[in-house]
Amino acid sequence: MTADRTSDRIGSDPSDWVGRDAAVVWHGFTQMGVYAENAPLVIDRAEGRELIDVDGRRYLDAISSLWVNTLGHGVPELDAALMAQAAKVAHSTMLGNGNTVVIELAEALAGVVPVDNPHFLFAADGAVAVEQALKIAFQYWVNRGTPGRTQFLALGDAYHGDTVGSLSLGDGGVFSAVFDPLCFPVVRTPGYADPGWSAKACAAVEAHAGELAAVVIEPLVQGASGMLCTTPSDVRALGEACRAHDVLLVCDEVATGFGRTGTLFASEQCGIRPDLMCLGKGITGGYLALSATVASDEVFASFLGPDLGPQTFFHGHSYGGNALAAAVALAHLRLIEDWDVLARVRQRASQLAGLLQSRIAPLGAVAEIRQRGLMVGVELAPPGPGLRWGRRVCAGAVARGVLLRPLGDVVVLMPPLTITEDEIVRMVDALEESVREVTSP
Ligand SMILES: *Cc1c(COP(=O)(O)O)cnc(C)c1O
């Protein structure tokens, strides 16, 4: 007989939130065997850019709740949009039917995405937006009657989500190696860590053009692999190679979208117009689960045909295009405009770059700082393996009231786009103190 761990814990001390949490909640990317010992925060509420835990302690949300938050928490205009939509309808299916607020959102997005005559297939998670893009790219060639276009080219160090299709595009690593037997093979060329990545990818596009359905990239920044950055011209060169060889280009802007890198989308800075684009994370300002696969009219048109015919895209999710999420996303898009958020991002990004250069880069423990807009990776250089500097530096920042979370030994700084001048200083103060504390011999 197995011990009943769950009922052992339920009903214990009601103020023991961590114990209650560990008894019944399974956290993603987390070893639950030691979860409770790792001093997790249990958040109860938020104000502005601060999260407040069950003990009333405040933390600057310097990772934007895992990269989703843009304008801070409890934004009155977004709260109001949510309440107003709730009074109308929270959700109605998008399969075969429409909803007014989703139509309004798609119209608003159509005016700003760098995709020609775009069409929007909504879902709820970034990984699903990528999964949909994969299947659309694959079926596009079938619909066009072009045989053999069944492969995808993806980059080294890529991350596109955790569903099996998006995981196949990703460049694995130790955490996902267990699923390798489930994943399909891809044409893999080096990622942004290799200064020659673009030329190599372009050469592979030329060599494999007849087999490739699409090339999938994270334009400008490979986020989850540690904020590896490249230049707009290198991305543009790959976009041009895709055009020249008639291979679809999929831009996964789940992390870079909605102002994060200083333009609304990173593809704009790169001067590319992808055939398919994946949106998620910041699309609702961090309020609700919403994602979208954006297709150019050229891609979309290949799916037109007789009712129930084989050109149809037979794919859809129950909560795709949720009306509450759409209402918040629509209000969010207007606020980005009304508050001139992109100009603020550029100002704060240059303030942050200056502070990182003067105070963090000179520290002996810091190997490299990579930044595009308010998307930053501070790579530490531990003298040996197993020291967990990334983890310990972030724990030190948390103890100082700044919530950080590392990617290995890369400390990620990903604050809300509305972060103030003073909060930037507060974030860098905590980082500097913590790096000194953890890494001084
Ligand atoms: C986070 C992320 C995803 C996955 O999005 P989820 O909403 O977590 O499924 C996909 N692509 C990129 C580039 C991401 O950063």
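The rules behind these values
- Residues numbered from 1 in each chain as written.
- Predicted model: local features only at pLDDT ≥ 70, side-chain atom pairs only at ≥ 80, totals over all residues.
- Heavy atoms only, no water.
- Buried < 20%, exposed > 50% of the residue type's maximum accessible area, 1.4 Å probe, protein only.
- Helix = DSSP H or I, 4+ residues; strand = E, 2+ residues; numbered from the N terminus.
- Pairing = 2+ DSSP bridges.
- Near = heavy atom within 4 Å.
- Polar contact = N/O pair within 3.5 Å; in protein donor to acceptor, adjacent residues only side chain to side chain.
- Areas by Shrake-Rupley, 256 points an atom, 1.4 Å probe, with all protein chains shown as cover.
- Nonpolar A, V, L, I, M, F, W, Y, C, P; charged D, E, K, R; others polar.
- Salt bridge = Lys/Arg side-chain N within 4 Å of Asp/Glu carboxyl O.
- Domains from an automatic or database assignment.
- Contact = heavy atoms within 4.5 Å.
- Buried area = accessible area lost by both parts, 1.4 Å probe.
- Phe/Tyr/Trp six-rings, centres within 6.5 Å; stacked < 30°, edge-to-face > 60°.
- Lys NZ or Arg CZ within 6 Å of the ring centre and 35° of its normal.
- Expected span 1.5 Å × (residues − 1).
- Patch = residues over 30% accessible without salt bridge, like charges linked within 9 Å, V, L, I, M, F, W, Y side chains within 5 Å.
- Axes fitted to C-alpha atoms, helices over the stretch in contact; angles between N-to-C directions.
- Core = buried A, V, L, I, M, F, W, Y, C linked by side-chain atoms within 4.5 Å.
- Disulfide = S-S within 2.5 Å.

Observations regarding the pairing of strand β7 (residues 212-217)
Consecutive residues of a regular strand have side chains that alternate between opposite faces of the sheet.
Argument step 1. The element β7 is extensively covered by neighbouring structure, given that six of its six residues are classed as buried.
Argument step 2. Sheet analysis places strand β5 (residues 151-155) next to β7, joined by four bridges and oriented parallel. Bridge pairing in β7 links Q151 to L212.
Argument step 3. Of the strand pairs in this sheet, β7 and strand β10 (residues 248-252) are connected by four bridges, and their pairing is parallel. Along β10, the bridge assignment pairs I217 with C251.

So, the site of the ligand
Argument step 1. Taken together, W67, D125, G126, A127, Y159, H160, G161, E218, D252, V254, A255 and K281 are the residues near the ligand.
Argument step 2. Between the ligand and D252, the relevant distance is 2.7 Å, taken from a nitrogen atom to a side-chain nitrogen or oxygen of the residue.
Argument step 3. For the ligand, whose unbound accessible area comes to 380 Å², protein coverage reaches 83%.
Argument step 4. Residues of the shell around the ligand, tallied by class, amount to five nonpolar, three polar and four charged.

Brief notes about the pattern of salt bridges
Argument step 1. With the rule as written, the count across this model stands at 21 salt bridges.
Argument step 2. The salt bridge partner of R58 is E47, with a shortest N-O separation of 3.0 Å. You can see R58 sitting in strand β3 (residues 58-61) and its partner E47 sitting in strand β1 (residues 43-47), a full eleven residues away along the chain.
Argument step 3. R58 gets classed as partly exposed once you look at its relative accessible area, which sits at 36%.
Argument step 4. Taking the relative accessible area as the measure of exposure, E47 reaches 41% and is therefore partly exposed.
Argument step 5. Taken together, the salt bridges that share partners define one network made up of D44, R45, E47, E50, R58 and R426.

A word on the domain arrangement of the chain
Argument step 1. Partitioning the chain into domains gives domain 1 (41-71 + 340-439) and domain 2 (76-338).
Argument step 2. For domain 1 versus domain 2, the distance between C-alpha centres works out to 27 Å.
Argument step 3. Tallying the contact residues gives 27 residues for domain 1 and 28 residues for domain 2.
Argument step 4. Taking both partners together, domain 1 and domain 2 bury about 2200 Å²; carbon and sulfur atoms supply 64% of that area.
Argument step 5. Together, W67, R372 and M375 form the three largest contributors to the area buried by domain 1 at its contact with domain 2, with a combined 31%.
Argument step 6. Taken together, the links from domain 1 to domain 2 amount to zero salt bridges.
Argument step 7. One can count 14 residue pairs in polar contact (both at pLDDT 80 or more) joining domain 1 with domain 2.
Argument step 8. Only α3 (64-67), α13 (341-360), β13 (366-372), β14 (375-380) and β17 (410-413) provide two or more residues apiece to the side of domain 1 that touches domain 2.
Argument step 9. It is α13 that provides the largest number of residues to the side of domain 1 that touches domain 2, a total of four residues.
Argument step 10. Looking at side-chain class alone, the side of domain 1 that touches domain 2 contains 17 nonpolar, six polar and four charged residues.

Regarding the packing of aromatic side chains
Argument step 1. In total, this model carries six aromatic pairs according to the counting rule given.
Argument step 2. Taken together, a centroid distance of 4.7 Å and an interplanar angle of 55° make the contact between Y192 and W197 tilted. The pair Y192 / W197 is uniform in exposure class, with both members buried.
Argument step 3. Relative to F265, the ring of F258 has its centre 5.2 Å away and its plane inclined at 70°; by these criteria the two rings are edge-to-face. The two residues F258 and F265 agree in class, both being buried.
Argument step 4. Directly above the ring of W17 sits R20, whose terminal nitrogen or CZ lies 4.2 Å from the centroid.
Argument step 5. Its end group placed over the ring of W141, R149 keeps NZ or CZ at 4.0 Å from the ring centre.

A look at helix α6 (residues 126-144)
Argument step 1. Helix length check: α6, at 19 residues, gives a terminal C-alpha distance of 27 Å against a target of 27 Å (1.5 Å per residue), a fit within 8%.
Argument step 2. The buried fraction of α6 amounts to 15 of the 19 residues, a majority that puts the element mostly inside the structure.
Argument step 3. One or two steps after α6, the chain reaches G145, where phi turns positive at roughly 75°.

Points about a nonpolar patch on the surface
Argument step 1. On the surface, V164, V178, F179 and L182 cluster together to form a nonpolar patch covering roughly 390 Å² of accessible area.
Argument step 2. Inspection of the secondary structure assignment puts V178 in the loop between α7 (164-169) and β6 (187-189).
Argument step 3. Its relative accessible area of 60% is what places V178 among the exposed residues.

A short note on the sheet that holds β1
Argument step 1. One open sheet accounts for four strands, arranged β1-β2-β3-β15; its pairing is mixed. Two strands bound the open sheet, and with one partner strand each, they are β1 and β15 (402-403).
Argument step 2. In the sheet, strand β2 (residues 50-53) pairs with β3 via three bridges, with the strands oriented antiparallel. Bridge pairing in β3 places I52 opposite R58.
Argument step 3. The sheet contacts of helix α15 (residues 421-439) involve β2, β3 and β15, and relative to β3 the element is tilted by about 105°.

A short note on the nonpolar core
Argument step 1. V215, L413 and L431 are the most contacted members of the largest nonpolar core, which totals 99 residues.
Argument step 2. Ranked by residues supplied to this core, first place goes to helix α12 (residues 323-338) with eleven residues.
Argument step 3. Lining this core are residues from two domains, each supplying at least three of them: domain 1 (41-71 + 340-439) and domain 2 (76-338).
Argument step 4. Those residues within four positions of V215 in sequence are excluded, and the remaining contacts are L153, V205, L238, C242, V247, L248, L249 and V250.

Notes on the state of the cysteines
Argument step 1. The final tally for this structure, using the stated rule, is zero disulfides.
Argument step 2. Free cysteine: C242, not disulfide-bonded; nearest cysteine sulfur from C202 at 7.6 Å.
Argument step 3. Accessibility expressed as a relative area gives 1% for C242, which makes it buried.
Argument step 4. Take C251: it sits in no disulfide, and the sulfur closest to it among the cysteines is that of C270, at 7.4 Å.

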